[in-house]
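Examination of the molecular architecture
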Amino acid sequence: MLVAAAVCPCPPLLVPEVAAGAAPELDAARAACSDAIGVLAAARPDLLVVMGPAEQNGRGPHPQGTAGSFRGFGVDVDVRLGPVPPEAEAVSEAGAEGRRELPSSLAVAGWLLDRAQWSAAPVEGLGVGEPDEAERCIQVGRVLGARADRVALLVMGDASACRTLKAPGYLDERAAGFDAAVGRALGEADIEALKALDAGLAHELKAAGRAPWQVLAGAAEGAALRGELLYEDAPYGVGYMVAAWS
């Protein structure tokens, strides 16, 4: 059963080396992510599943210790999805040629977990497809919620990318309302509101978190969790939200 969840944004800019001189602009978001991950650890889970948006070749599943990198963003920063388990050390030392790297969203999650010195439970990663229909996402969540007696989720995903003229998706007047509805749903752990998110509208607004949030909704059925919205802002015209459910 799901016992806790943390919802975090997934821009590589969360990694200070990627953001460079702009790093301080997301200090509050980083602090909120740390607080949310602390809620996961406090729940004493048997398993932590990390999920976030990914292209087809990044879906996984990704076992604990899977490598990721921010070299594609021009910085020499490598990460792992949680600590490398002892049984994987030999594979790691021999090299991982042919193995898939973490998609960007899970690489950010790996960086957050390393920053938090995560050791509370084994970790698995799962990439979620942005085009996946709501019912498919909800069903995946139900399966994840039943993986162990005490499951925690770290859910990576951004809201709309259309909040300002300089946003990646330019300005769309629907974006602020969409993000406000998502913020309310995440802050209130309203799983029905998350299930009802319009996939078509989310796609038009470039909201990469829609599918992962609906997986969370499926996993949370019957868990009676309470939510708290820890952070909400759109510093680059993209909606970033941090929430904790427990």
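So, on to the nonpolar core. Ranked by size, the top nonpolar core spans 43 residues in total, and within it L48, V50, F70, L113 and L154 carry the most contacts. Looking at this core, the elements with two or more residues in it are strand 1 (2–8), helix 2 (27–42), strand 2 (47–53), helix 4 (104–115), strand 7 (151–156) and strand 9 (240–245). Each residue touching L154, except ones within four places of it in the same chain, is listed here: A6, C8, I37, L40, L48, V49, V50, M51, A109 and L113. Membership of the second largest hydrophobic core comes to 41 residues, among which are L47, V215, M241 and W245.

Look at A20: it is not a glycine, yet its phi comes out positive at around 55 degrees. Position of A20 among the secondary structure elements: in the loop between helix 1 (16–19) and helix 2. Phi is positive for Y170, which is not a glycine, with a value near 65 degrees. If you trace the backbone, Y170 turns up in the loop between strand 7 and helix 6 (175–187). We classify Y170 as exposed; its relative accessible area is 51%.

So, how was this worked out
Note on numbering: residues in each chain are counted from 1, in written sequence order. It should be noted that, the model being predicted, local features are given only for residues of pLDDT at least 70 and side-chain atom pairs only at 80 or more, the latter also being counted only at that level, while totals for whole chains, interfaces and linings use all residues. The basis for every side-chain value is the complete set of heavy atoms in the structure, and neither hydrogens nor water enter the calculation. To form a nonpolar core, buried Ala, Val, Leu, Ile, Met, Phe, Trp, Tyr and Cys residues must be joined to one another through side-chain atoms within 4.5 Å. Three exposure classes are used, based on accessible area relative to the maximum for each residue type with a 1.4 Å probe and protein chains only: buried under 20%, partly exposed in between, and exposed over 50%. Where helices and strands are cited, they refer to DSSP runs of H or I of at least four residues and of E of at least two residues respectively, numbered from the N terminus. For this analysis, residues touch if any pair of their heavy atoms sits within 4.5 Å.

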